[in-house]
Amino acid sequence: MAAVAQALETPSSVTSIKSLAESSALNTVPSAYAFNINPNDEADPNDPEFAIPIIDMSLLTSGTPEQRSQIIHDLVKICQEWGFFIAINHGVPESLMKATIDACHGFFSLPDEEKKEFKSGNDVLEMFKYGTSYNLALDKVLLWRDFFKVRTHPEFYSLYKPATFSEVSMEFGKRTREVALEITKAISESLGLEPNYIYEKMNMDRGLQLLAGNYYPPCPQPEHAIGIPHHTDHGLVTLLIQNEMNGLQVEHNGKWLTVNGPANGFFVNLADQMQILTNGKYKSVMHRATVNNKATRISIAIPHGPSVDTTIAPAPELCEREGKPPKYLAMNYKEYIQLQQSGKNYMKSTFDHILA
C-alpha cells in the first residue's frame, strides 16, 4: 500500500505498471497517467468505409499469376489509402504465434527484480531493453504499459528469461521476417519496380528487425489512460500479433478504428521509411494502443527496417516517372530513429523535420 502511494506521488519511481495495476489501492487513474480519449473520434466498425483490407498471402506465394497480379493491384489502393491491412494464410503456424505470446507473458510475469536485469538506456539499437511507459525522463503523460524490446536482426539477441524465450523468439523472428520480405517484394511490384527493389535499396539483408512485447494490464478508467499514444513507426513495415484482447487502433479518414482480426492473422502497418521511399505515395499509418478494464492485453510488434547505415530518400525512379520533386530530404536511418525518439518529437511527426 505504501509503495503504491509513493508511486502515485512520484511517478518516476514507478518501475512497472503491472505492479501498480495489481494493487487493491488503485481504483482511479493517477494524474500522471491522465489521458482523455474522445469517443466522438472513434469509427463505427460496421460502416463499410472502415472495413479493414485483408491480404491473402497464399495468393502471393502460391497462387496463379492472375491471383498474384490481383493482390499486387489491390495493394496500391490499400497502401495509399490505409497504410494498413491484415495478412492471412501467411505460413507462420498459429501454434508458434501463441507460443511467442505465452513466452512474452512469462517474461512479464517474472518478479520486478528479475525484469530489472534487462533495463538499459533509451537507445533503440541496444541488444535489449525493458521498461515502463516510454521514456520516464521525457513523458509528459505516463503510459499504461510495460514493454521490452529485443534486437533480432542482423544479429540475433534474446532475453535469457524465461527459459523458453530464446528458442521461440528465434523461430518466430525468422518466420515473420520471411513474411515481411514477401510483403516488401509485393509492395515493390505494386510501385512498378523490380520485386527486389526495396530489399536491395534498403539493404534489408542486414536490415534492423526488433521484437517488441507490450503488456497492458486492466485499467480502472480506460477512457482516461493510454497504452501508447498516436504515432507512426520508424521502419519500413511492422507486423503485430496480440492475445485475445483488442486495443490497437488505426487512423483512417480522420477517425480511430479499433482493429479486430483473426487470431492467426498479422496486423501489418506501413512505416515511415516506406512513406519516404515512395515520396509520400504510400502512407505510414498513424496508430495507437488503448487499454481496457477487463483483462490484460499483450501485443508483440515486429518492426522491419533498412540497415541502420542506409540513407533513405525518395526513389528517383518514382519521382522521375511521376514528374514530382522529392518531398523529403535524405537521412540516415539511425539518425532518423534518434530524431524520432528525441524529446523535441514527443507525440509529433518526424516528417516535419525532413520536408524538402
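None of these values were measured; they are calculated from a predicted model. (Residues numbered from 1 in each chain as written. Predicted model: local features only at pLDDT ≥ 70, side-chain atom pairs only at ≥ 80, totals over all residues. Heavy atoms only, no water.)

Visitor: Even after reading the chapter, I still don't get the state of the cysteines, so can you show me in this structure?
Guide: Two cysteines, two sulfur atoms, one covalent bond between them: this is a disulfide. For the structure shown, the criterion picks out zero disulfides. Free cysteine: Cys79, not disulfide-bonded; nearest cysteine sulfur from Cys319 at 17 Å. (Disulfide = S-S within 2.5 Å.)

Visitor: Would you mind going over the pairing of strand β2 (residues 84–88) with me for this structure?
Guide: Looking along a regular strand, one sees the side chains alternate between the two faces of the sheet. For β2, the buried fraction is high: four of the five residues fall into the buried class. Pairing analysis gives three bridges linking strand β1 (residues 54–56) to β2, with the strands arranged parallel. Bridge pairing links Ile55 to Ala87 in β2. By the bridge criterion, four bridges tie β2 to strand β10 (residues 266–270) in an arrangement that is antiparallel. Bridging from a neighbouring strand, Phe85 pairs with Val268 of β10. (Buried < 20%, exposed > 50% of the residue type's maximum accessible area, 1.4 Å probe, protein only. Helix = DSSP H or I, 4+ residues; strand = E, 2+ residues; numbered from the N terminus. Pairing = 2+ DSSP bridges.)

Visitor: Could you clarify how one ought to interpret the sheet that holds strand β12 (residues 297–304) in this entry?
Guide: Neighbouring strands of a sheet are bound in pairs by backbone hydrogen bonds; such pairs are parallel or else antiparallel. With mixed pairing, the eight strands of this open sheet are ordered in space as β1-β2-β10-β7-β12-β5-β4-β3. Since the sheet does not close on itself, it has two edges, and those belong to β1 and β3 (128–132), each with one partner. Averaged over all pairs of adjacent strands, the angle between strand axes in this sheet comes to 25°, irrespective of strand direction. With seven bridges connecting them, strand β4 (residues 146–153) and strand β5 (residues 209–216) associate as antiparallel partners. (Axes fitted to C-alpha atoms, helices over the stretch in contact; angles between N-to-C directions.)

Visitor: Would you mind going over the confidence of the model for the chain with me for this structure?
Guide: As a general rule, the predicted coordinates of low-pLDDT regions are not to be interpreted in detail. Looking at the chain as a whole, the pLDDT averages 91, with 92% of positions reaching at least 70. Long-range and interchain partners of residues 1–7, a stretch whose pLDDT sits below 50, account for eight contacts in this model, where long-range means more than four residues apart. (pLDDT = per-residue confidence, 0-100. Contact = heavy atoms within 4.5 Å.)

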